[in-house]
Every structure is written in structure tokens, then in C-alpha cells.
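Secondary and tertiary structure notes
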Amino acid sequence: MSRRALRSFRENALIYDVIVVGSGFSAIAVTCNLIEQLPASAKVAVVGDDPGFGRGTAYRTELYLHRLNVPAGRMSLLPHQPDDFVDWLKRHGRLMQAGDFASRSDYGLYVRDTLARLLRKRDGRCRVDFIKAKAAGCVERYSSTLAFHLGNGDEIAGRNVVLCLGVGNASLPVDPDGVPPSLRSRIIENPWRLSWLRRVASSDAVCILGSGLTMIDQVLALRAHGHSGRIDVLSRRGLAPLGHARKLPAPLPIDVEALPDTISEILKSLRGKSRTVADWRGVMDGLRPATQALWQRLSSKERSRFLRHALPWWNIHRHRVAPDVFDRFEKLVSDGIVRFHAGFLKSLGAQEGRLLASYRVRATPQIAGINADWLVNCTGMERAGISHSPLLKEMSRFQLIVPDPLGLGIQVNAASEVTAPSEISPARLFAVGALTAGQFWEITAVPDIRVQAKAVAEEIVSRG
């Protein structure tokens, strides 16, 4: 980092004990834990420009069919208050038990209310400033602080920094150069901007790229808005998420240390275990608490093999949907309204005034096409990395962070503290959530993030 960069920071900028960078669930989880643990003399800044602070994309949806894919009893924001979310549901007239699947909208409201409740506490609470701005750049101010230039022109510095930057919607798999301008507006690159649904006629044909959880959400949203036309779903393998059992099976305890060291042998072992139980979900749920430990045992080569070959099957078994939502979706499939195609998208164009998605049919040289009035990008969230964030790219250039070699965020240690080769010793720098997938793998769901957020807050407090 240059001397010029060091001098460019204003000497009178406000210094915080902790700066939380981000405005999604990870940021709110860290903030809540800091409020509970820091002394009254501490100062915290939360920096983010998302107007739906804390709710993010997932929990902002208002459609009741957009459900959590984790039972309510495992979704409390603070891990030491396990019944908090279920109690909130009851107080707000939602007649749900711990094993039920609440709406994502309700969860977003619960997260907001939990933060508000902690902020209402005046005595003994640390100062928290919410700064509605994007952290546009960073520079080390002194040896013990890291400073940020904000999009609103202000500058702040922190002794501890927690990066809670999530990931955005993945880009289209191919460039839509072949689509005439008159049809470009019918390509929906970000399906979570739900205003596009109002423009879809009831009989329009829709092509959805990607067959994961986002696809199911958009299919149900289309039906809720009166759509009755055909929906074609194209993905590389034509796989769709499976459903949770109506009665959750008992998890089968898994000894991670007894599992083999290669992905092939691990899958063979897990398949064998699934034949010994009444419901294969018991094996997946038993593996769930040990997933991070298993990932950390794998060599870089085996992690890469998992991402190339096993990830789609992991996703459909691991990330399941609520039983009633799954039944609704399966009915649409069995009635022929939703049709699956397995293949590799080759190009986007037009034919007779409609969109045309051309693809190579899986395991064959055959080229097929799907004609549709609308094309919706549901290929999911981009893999955690630094390319989507100007701030992270600058921090990487200054060697304050190092990208994970498999593209799974940035390098952190077991305490979620960023590891980097820079000889400069700035503020203590942590990351929470998707950015730490290279270290933890399973770190995008609430049960994992809330534990990580609490641990990071405790680490910050323990060192003063």
C-alpha cells in the first residue's frame, strides 16, 4: 500500500471499535451479538446501502408460498435462545410448531424485530451507528485501524472490521447478443425484482434457466400471479430439489473421522448408510452438524472433485423444500405444466417473434431449442468471490485479503479471521457468511451463520 494512500485519509475521521460491512442477514446477526456482548463504552458502525437492511433478497419476498427450507425451531437468530423464533411466531398469531416451515417474509420481520428489541435497550448498551452508504474503498490509517471511504463522501476507521458481504444473482450463462432489442426486456436476469411478474400474460410460455430453489420460488410466484401457461426448465442435469418429510426422521449420527478420505468413497459409505434407515433424510440430517468438519478434512483435490461432480446431487438432497410446497410443485410437474430439460445452454436468440434458447442435450451431440415468451435466469447465486465487489477487489490488490483458490470467498482461519500475506498490520479483519465458504463450506444457512456470528463477536470482545 502506498504512502500516498496512507496520507489520503482524513485525520479527523470517526474511529469505531467495530465496523460491520454489509446489510444482509450476516451483518444483522453479527450486530445483534455485538450489542449483547460489547460494553457501553464501545462504538459500532454498520455500513450498507440496502434499503431492506437485514432482510436481504431471501427474506424480503412477500409471497406466502416462499418458505424457509429449515424448520422454525432451528431458525432463532441467537443460538443461545433456541425458542426465540417459534415464540415470536406465536406472539404474532402464527400457529406453528418447531417442526413447521415458516414464510421467509415472517422471518425477515422477526430478524428486524429482534434487532429493534436489542436497540431499545438503553442502559449498558454500546453505541451503534447505521450508515446508509456503500464502502467504496479502504486504506490503512494507522497500524491498528482500517479506514473506509464511503459512497456518501464520509470516511470512517475501525479497530475491528467484519466483512458481511453476500453474493449476488449469477449472470446469464451465455451472452444474449443474438436477441433483438425488441425482446431484450423479456429476459429477466434478476428474478427477485418481482415487478416483472405483472407483465406476464396468463398463457405466456416461460423458460427458466436453472432448476434449484430459486426456480421453485419463481414457478410458485408465477402461479400465484395467475399464470397458467407452459413452463420449461433447463439445467445441465435436469435435477430439482427434493422435499422434506412431513414427519422429520431422527438424524443418524455420523462419525466423520470414520469416513473415507475421497469423495467417491464417502458417497459410497453414505449410500450404504441410507439403506439401513427408513428415510434417507435421516442420513443427511445426521451429517449436517459434521459437514464443516468433513469439508476441512478433504484435500484441495477432493474439494475440487466434489464441486465438479457431486455438488448438484448434494444440493437437491441437502437443500430441501417444505413438504406442502414440494407437493404443489410436484403436481405441476406431473400435470405436464412444468417440463424439465437436461442440457448445456449454447445460445440465446429469437424465432418467429419469440425467444429461443438453444441447448445441447445432455450426453448427446443433439442440439434442441425451447421457444418462450419469457426467459428467467434462475441459475442461483453466484459463487462467493471478490469479482462482484469493488471494495473486495481493492482489498485484494492491497493484499489485505486473499481469494480462496477454489473461488469460495476469501481465505480465513478457523476463527473466521482473514489470513493475508500483507506485512501491514491493520485492524483485526474478520469475515462472516458466504465469504468464508472456502474454510467452512456450509456457511450460507441461518443455523451456521448465527453460530459463526456469535463466535466472531466473542473473539472481538475477548481481545478488547
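To be clear, the structure that these remarks concern was listed above.
Here we summarise the structure given alongside this text.

Looking only at helices and strands, the chain has 14 helices and 14 strands in total. The principal-axis extents of the C-alpha atoms in the chain amount to approximately 65 × 55 × 50 Å. Within the chain, the proportion of its 464 residues that are buried is 53%. Considering only intrachain contacts with a sequence separation of at least 6, the fraction spanning at least 24 residues in the chain is 71%. When the accessible area of the chain is evaluated, it comes to approximately 21000 Å², of which 50% is carbon and sulfur surface. Between the centroid of the 62 positive side chains of the chain and the centroid of its 45 negative side chains there is a distance of 2 Å.

Considering all chains together, one arrives at 2 cavities of 30 Å³ or more under this definition. Its volume calculated, the largest cavity comes out at about 160 Å³. Ile263, Ile266, Leu267, Leu270, Leu287, Thr291, Leu294, Trp295, Leu298, Phe306, Trp314 and Trp441 together form the lining of the largest cavity. When contributions to the lining of the largest cavity are tallied by element, the ones reaching two or more residues are helix H7 (263-274), helix H9 (291-297) and helix H10 (300-318). A breakdown of the residues in the lining of the largest cavity according to their chemical character gives 11 nonpolar, 1 polar and no charged.

Burial along strand S14 (residues 428-431) is two-sided: Arg428 and Phe430 facing one way and Leu429 and Ala431 facing the other are all buried. Pairing of strand S6 (residues 155-163) with S14 involves 4 bridges; the strand directions are parallel. Looking across to S14, one finds that Leu163 is bridged to Ala431.

Moving on to helix H12 (residues 390-397). Regarding H12, the residues found buried are Leu391, Leu392, Glu394, Met395 and Ser396. Just downstream of H12 lies Gln399, where phi reads positive at about 60 degrees.

Right, let's talk about unusual backbone geometry for a bit. Backbone geometry places Glu352, a non-glycine residue, at a positive phi of 55 degrees. Examined against the element boundaries, Glu352 turns out to sit in the loop between strand S10 (338-351) and strand S11 (354-361). Residues other than glycine seldom take positive phi values, yet Gln399 does so here, at roughly 60 degrees. Along the polypeptide, Gln399 turns up in the loop between H12 and S14. Here Gln399 falls in the partly exposed class, since its relative accessible area comes to 43%.

Once that is clear, we can look at the nonpolar core. In globular proteins that are soluble, nonpolar side chains generally tend to be buried together. Among the nonpolar cores identified, the biggest contains 53 residues, and Phe148, Leu163 and Met395 are the most heavily contacted of them. In this structure, Ala27, Val111, Leu115 and Ala457 belong to the second largest nonpolar core, which totals 43 residues.

We now examine the pairing of strand S5 (residues 145-150). With 5 of 6 residues buried, S5 is to be regarded as a mostly interior element. Where S5 meets S6, 4 bridges bridge the pair, whose relative direction is antiparallel. The partner of Leu146 across the bridge, within S6, is Gly158. Here S5 hands over to S6 after 4 residues, with Gly153 in that stretch at a positive phi of 95 degrees.

A separate point is the layout of surface pockets. Estimates place the volume of the second largest pocket at around 380 Å³. Lining the second largest pocket are 13 residues; nearest its centre among them are Leu267, Arg271, Met284, Trp313 and His317. Sorting the residues of the lining of the second largest pocket by element identifies H7, helix H8 (281-287) and H10 as the ones contributing at least two each. When residues in the lining of the second largest pocket are grouped by element, the largest group, 6 residues, is from H10. Looking at side-chain class alone, the lining of the second largest pocket contains 9 nonpolar, 3 polar and 1 charged residues.

About the thresholds
- Residues numbered from 1 in each chain as written.
- Predicted model: local features only at pLDDT ≥ 70, side-chain atom pairs only at ≥ 80, totals over all residues.
- Heavy atoms only, no water.
- Helix = DSSP H or I, 4+ residues; strand = E, 2+ residues; numbered from the N terminus.
- Buried < 20%, exposed > 50% of the residue type's maximum accessible area, 1.4 Å probe, protein only.
- Contact = heavy atoms within 4.5 Å.
- Areas by Shrake-Rupley, 256 points an atom, 1.4 Å probe, with all protein chains shown as cover.
- Lys, Arg positive; Asp, Glu negative; His and termini not counted.
- Charge placed at Lys NZ, Arg CZ, Asp CG, Glu CD.
- 1 Å grid on protein atoms, 1.4 Å probe; cavity = no way out; pocket = protein on both sides within 12 Å on 5 of 7 lines; lining within 4 Å.
- Points joined across faces, edges and corners; volume = space filled by probe spheres on them.
- Nonpolar A, V, L, I, M, F, W, Y, C, P; charged D, E, K, R; others polar.
- Pairing = 2+ DSSP bridges.
- Core = buried A, V, L, I, M, F, W, Y, C linked by side-chain atoms within 4.5 Å.

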